[in-house]
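A look at the structure
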Amino acid sequence: MATTAFTALACPLDGAPLAPVDGGWTCPAGHRYDQAAQGYVNLLPVQHKRSRDPGDSKEMVAARRRFLEAGHYRPIAELAARAALADLPADAACLDAGCGEGYYLRQLAAQADATGQTPALLGLDISKWAVQAAAKAQRGTATWVVGSNARLPVLPATLDRVLCLFGFPVYPEFARVLKPGGQLILIDAGPDHLRELREIIYPTLKAPRNGELPVPEGFVAGSGESLRHSLTLDGTAIIADLLAMTPHLYRATPEGRARAAVLETLKLTVDVRLSRFLRN
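Structure report, in brief. Per chain, residue numbering runs from 1 following the sequence as it is written. The predicted origin of the model limits local features to residues at a pLDDT of at least 70 and limits the giving and counting of side-chain atom pairs to 80 or more, whereas totals for whole chains, interfaces and linings rest on all residues. To get the side-chain values, all heavy atoms of the structure are used, and hydrogens and water are removed first.

**A closer look at the overall build of the protein chain**
For helices the rule is a DSSP run of H or I covering at least 4 residues; for strands it is a run of E covering at least 2, with both sets numbered from the N terminus onward. Regarding its fold elements, the protein chain presents nine helices and 12 strands. Rg of the C-alpha trace for the protein chain: 19 Å, near the compact-globule value of 19 Å for 280 residues, within the 12% margin. Taken over the C-alpha atoms alone, the protein chain extends approximately 55 × 40 × 35 Å along its principal axes. Residue exposure (1.4 Å probe, protein chains only): buried if accessible area is under 20% of the type maximum, exposed if over 50%, otherwise partly exposed. Per-residue burial over the protein chain gives 49% buried out of 280 residues. Here the open area of atoms and residues is found with the Shrake-Rupley method and a 1.4 Å probe, where only the protein chains shown may cover a residue. Total accessible area on the protein chain is roughly 13,300 Å²; 53% of this is exposed by carbon and sulfur atoms. Computation of the radius of gyration draws on C-alpha atoms alone. For the globule rule, the value is 2.2 Å times the number of residues to the power 0.38.

As structure tokens, then:
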């Protein structure tokens, strides 16, 4: 794939620009961040961590990788890629904030390659296991960074797109790093997303959230889209992977997890909403 180097990284300690050096990155003050053997860089200082090993576990990352690589959420990836690449400037820079093991950003890169676009891509996640898996899967697709949405290691007003898919948006940080006119693209679960699984693992379901997302400060609302289709999973292993890669694994009751564990087939509703906000 044709790629453009991402050049807008910022030092997580002082906010100064990071420049590539042999085997890592450094800022003018001399703070150095070595690139791991797998091809990523850790820009999450220990003092910014809330736990020793934040984010998704190694097991959750592996489950998500198996599920996504089987193509079950490919329509979601295609929706995200179309939205991100529409009207994208030639020298654009894009961030996947909460990239996980990199599936969605790799699909975006593939779509960009097919259309002759060469955006600079940054994949960031707070889980080192997720970023490690992303970098190992395809090192040349993007710059892969361990970091936090709460303190993005990105220079101000340097991005044309920020994607946050099923993640934890931090709107002030997204506003800080986007250029005027840049777009924030969010994808989150609709009211019926995975309803059939939730009905199995929970005693009752919460009432769905009504209406569109509120417009964050510093943004204006753009157009939104919805995606809805059915999905059938066959086999206890892939059903277990779906549950393991979601927060439902920890929220479900023990009885609910036990009921899910014996399922051999499961027909599901995929229901997601894409929201677009423009930096004003």
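**Comments concerning the pairing of strand β6 (residues 120-125)**
In terms of burial, β6 is largely enclosed, as six of its six residues are buried. Neither face of β6 is exposed, since A120, L122 and L124 on one face and L121, G123 and D125 on the opposite face are all buried. In this view, the connection linking strand β5 (residues 93-97) to its parallel neighbour β6 by way of helix α3 (residues 103-114) has right-handed handedness. The sheet contact formed by β6 and strand β7 (residues 143-146) spans four bridges and is parallel. Bridge pairing in β7 links L122 to T143. Each parallel crossover has a hand, and the one from β6 via helix α4 (residues 128-137) to β7 is right-handed. Viewed with both strands pointing away, a crossover whose connecting path from the first strand over the helix to the second turns clockwise is right-handed. A strand pair is defined by DSSP finding two or more bridges across the two strands.

**So, the pattern of salt bridges**
Should a side-chain nitrogen of Lys or Arg be within 4 Å of a carboxyl oxygen of Asp or Glu, the pair is scored as a salt bridge. Overall, the coordinates contain 14 salt bridges when judged by the stated rule. For E78, the salt bridge is made with R74, and the minimal N-O distance between the two is 3.2 Å. Residue E78 and its partner R74 are located together in helix α2 (residues 74-85), separated by four residues, close to a single helical turn. The partly exposed category is assigned to R74, whose relative accessible area is 40%.

**Structural notes on the sheet that holds strand β3 (residues 32-34)**
Sheets are built from strands that pair by backbone hydrogen bonding, the pairs being arranged parallel or antiparallel. Across the sheet, which stays open at both edges, the three strands sit in the order β1-β2-β3 with antiparallel pairing between neighbours. A strand with exactly one partner marks an edge of an open sheet, and here the two such strands are β1 (19-21) and β3. Strand-to-strand, the axes of this sheet are offset by a mean angle of 30°, without reference to chain direction. Note: β1 against strand β2 (residues 24-26), three bridges, orientation antiparallel. Bridging across to β2, A19 finds its partner in T26. Only the stretch in contact is used when a helix axis is fitted, and all axes are lines through C-alpha atoms; the angle between N-to-C directions ranges over 0 to 180 degrees.

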